[in-house]
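# Breakdown of the fold
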Amino acid sequence: MVVGLTGQIGSGKSTAAKILSSMGAVVVDADHIGRDVVEQSPPLIKKLVREFGNQILNESGNLNRKRLAALAFQNYQSRQKLNDLVHPYLLKELRRQCRTLLKTHELVVIDAALLLDWELDREIDAVIVVHASQQVRLDRLEKRGITRRDALARQRVQLPLSEFRRRADYWVTNNATPNALRLKLENIITIIAPKLLTDRH
Ligand code: ADP
């Protein structure tokens, strides 16, 4: 089965992905795939050069991701343009990886902040939303070196919480300890992929 894991920034989505992985699930990380396709897909690099100019390449003709990010994150429009170009490649690769991994794994987890924006909930078996209160999210991000201001700016471009709530099959509140999060996830796995837990004992 394929399960999507999503939530607002700082909610603990990546932490949940690590826990699920320790339980035997295989995790497909959308951010990671995004970085790979940007570097490894010549047709995409061509489109990016057409949009952002030769300056995004370094001397040897390879993509300079830092320069691309600096240009694309200057304003909302260019960031949108980057996403519009990259996301189709990302999604194609993400679907391919899920198909392949499903052949050998009981549970494939897609870790993606934009899972619902991409409407992947229409094609997967279940959606787990990890949630934490705004104060907890901001405190955690601050500890990770992301300022309150940046965190709020990132949060503003995400879907409203009501949308996460409406489209979640499982709602996991992560305001307490990582161990409490683990227990909640274990309960969900008991329902959706019990074989995963029994196989491990
Ligand atoms: P997201 O992927 O949703 O942005 P992360 O999983 O990266 O969130 O979590 C944000 C930060 O909060 C990380 O530094 C992580 O270690 C920490 N964190 C996550 N869950 C907990 C928890 N239950 N208790 C304490 N810290 C946590």
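Keep in mind that this is a model prediction, so the values were computed, not measured.

## Focus: the domain arrangement of the chain
Assigned domains of the chain: these are domain 1 (1-25 + 105-201) and domain 2 (35-96). Computed over C-alpha atoms only, the centres of domain 1 and domain 2 are separated by 27 Å. Facing the 5 residues of domain 1 at the interface are 5 residues of domain 2. At the junction of domain 1 and domain 2, the tally comes to 1 salt bridge.

## Quick notes on the site of the ligand
In the vicinity of the ligand, 14 residues are found, and the nearest of them are Ser 14, Thr 15, Arg 144, Asn 174 and Ala 176. Contacts to the ligand include Ser 11, whose backbone N or O atom sits 3.3 Å from an oxygen atom. Interatomic distance of 2.7 Å between a side-chain N/O atom of Ser 14 and an oxygen atom of the ligand. Within the complex, 75% of the 560 Å² of free accessible area of the ligand lies under protein. Residues belonging to the shell around the ligand are distributed by class as follows: 3 nonpolar, 8 polar and 3 charged.

## Comments concerning the packing of helix α4 (residues 65-72) against helix α5 (residues 76-102)
Between α4 and α5, whose axes approach to 8 Å, the crossing angle comes to 130 degrees. Classified by the angle their axes make, α4 and α5 are oblique. From α4, Leu 68, Leu 71 and Ala 72 reach across to α5, where they touch Ser 78, Arg 79 and Leu 82.

## Examining the packing of aromatic side chains
Under the defined criterion, the tally for this structure stands at 0 aromatic pairs. Over the aromatic face of Trp 171 sits the side chain of Arg 165, whose NZ or CZ is 4.3 Å from the ring centroid.

## With respect to the pattern of salt bridges
Scanning all chains against the criterion turns up 8 salt bridges. Notably, a salt bridge pairs Arg 167 with Asp 121, separated by 2.9 Å at the nearest N-O pair. You can see Arg 167 sitting in helix α8 (residues 161-167) and its partner Asp 121 sitting in the loop between β3 (108-111) and β4 (126-131), a full 46 residues away along the chain. Note on Arg 167: relative accessible area 17%, which makes it buried.

## Some points on a positive patch on the surface
Where like charges cluster on the molecular surface, the positive patch consists of Lys 18, Arg 79, Arg 144 and Arg 154. Tracing the backbone shows Arg 144 in the loop between α6 (134-143) and α7 (148-156).

## So, the pairing of β4
Within a regular strand, side chains alternate between the sheet's two faces. Judged by how many residues are buried, β4 sits mostly within the fold: 6 of 6 residues are covered. Taking every second residue as pointing to the same face, both faces of β4 are buried, with Ala 126, Ile 128 and Val 130 on one and Val 127, Val 129 and His 131 on the other. Bridging between strand β1 (residues 2-6) and β4 involves 4 bridges; their strand directions are parallel. For Val 3, the partnering residue across the bridge sits in β4 and is Ala 126.

## Topic: the side chain of Asn 174
Following the sequence through the fold, Asn 174 ends up in the loop between β5 (170-173) and α9 (178-192). Classification of Asn 174 as buried rests on a relative accessible area of 5%. In this structure the side chain of Asn 174 is engaged in a polar contact, spanning 2.9 Å, whose partner is the backbone oxygen of Ser 11.

## Focus on the pairing of β1
Most of β1 sits out of view: 5 of its 5 residues are buried. Taking every second residue as pointing to the same face, both faces of β1 are buried, with Val 2, Gly 4 and Thr 6 on one and Val 3 and Leu 5 on the other. Inspection of the sheet shows β1 paired to β3 by 4 bridges, in the parallel sense. By the bridge assignment for β3, Gly 4 is matched with Ile 110.

## Quick notes on unusual backbone geometry
With a phi angle near 60 degrees, Glu 119 is a residue other than glycine that sits in the positive phi range. Within the element layout of this structure, Glu 119 appears in the loop between β3 and β4.

Calculation rules
Residue positions are counted from 1 within each chain, in the order its sequence is given. With the structure being a predicted model, the display of local features is reserved for residues of pLDDT at least 70 and the display and counting of side-chain atom pairs for 80 or more, all residues being used for whole-chain, interface and lining totals. The side-chain figures draw on all heavy atoms in the structure; neither hydrogens nor water molecules are used. Domain extents, as shown, originate in an automatic or database domain assignment. Throughout, a contact is declared for two residues whenever any of their heavy atoms are within 4.5 Å. Definition used for salt bridges: Asp or Glu carboxyl oxygen within 4 Å of a side-chain nitrogen of Lys or Arg. One heavy atom within 4 Å of a molecule or strand is enough for the residue carrying it to be called near that molecule or strand. Under the rule applied, a polar contact is a pair of N or O atoms within 3.5 Å (in protein, one hydrogen donor and one hydrogen acceptor; residues adjacent in sequence only if both atoms are side-chain atoms). Surface accessibility in these figures is a Shrake-Rupley result with a 1.4 Å probe; residues are shielded only by whichever protein chains are displayed. Residues are grouped as follows: nonpolar covers Ala, Val, Leu, Ile, Met, Phe, Trp, Tyr, Cys and Pro; charged covers Asp, Glu, Lys and Arg; every other residue, Gly included, is treated as polar. In this analysis, axes come from line fits to C-alpha atoms, helices being fitted only over the stretch in contact, and the angle between any two N-to-C directions falls in the range 0 to 180 degrees. Numbered from the N terminus, helices here are DSSP runs of H or I no shorter than four residues, and strands are runs of E no shorter than two. For classification purposes, an angle smaller than 35 degrees is called roughly parallel, one larger than 145 roughly antiparallel, one from 65 to 115 roughly perpendicular, and anything else oblique. The criterion for an aromatic pair is that two Phe, Tyr or Trp rings (for Trp, the six-membered ring) have centres within 6.5 Å, with stacked assigned to planes under 30 degrees apart, edge-to-face to planes over 60 apart and tilted to the rest. Lysine NZ or arginine CZ positioned within 6 Å of the ring centre and within 35 degrees of the ring normal marks a charge as sitting over the ring. Burial status follows relative accessibility: with a 1.4 Å probe on protein chains alone, a residue under 20% of its type maximum counts as buried, one over 50% as exposed, and anything between as partly exposed. Two distance rules govern patches: like charges are joined within 9 Å, and nonpolar side chains (Val, Leu, Ile, Met, Phe, Trp, Tyr) within 5 Å, applied only to residues with over 30% relative accessible area and no salt bridge. Charged residues are defined here as Lys and Arg on the positive side and Asp and Glu on the negative side; His and the ends of the chain fall outside this count. Note that the charge is assigned to NZ on lysines, CZ on arginines, CG on aspartates and CD on glutamates. DSSP bridges decide pairing: two strands pair if at least two such bridges lie between them.

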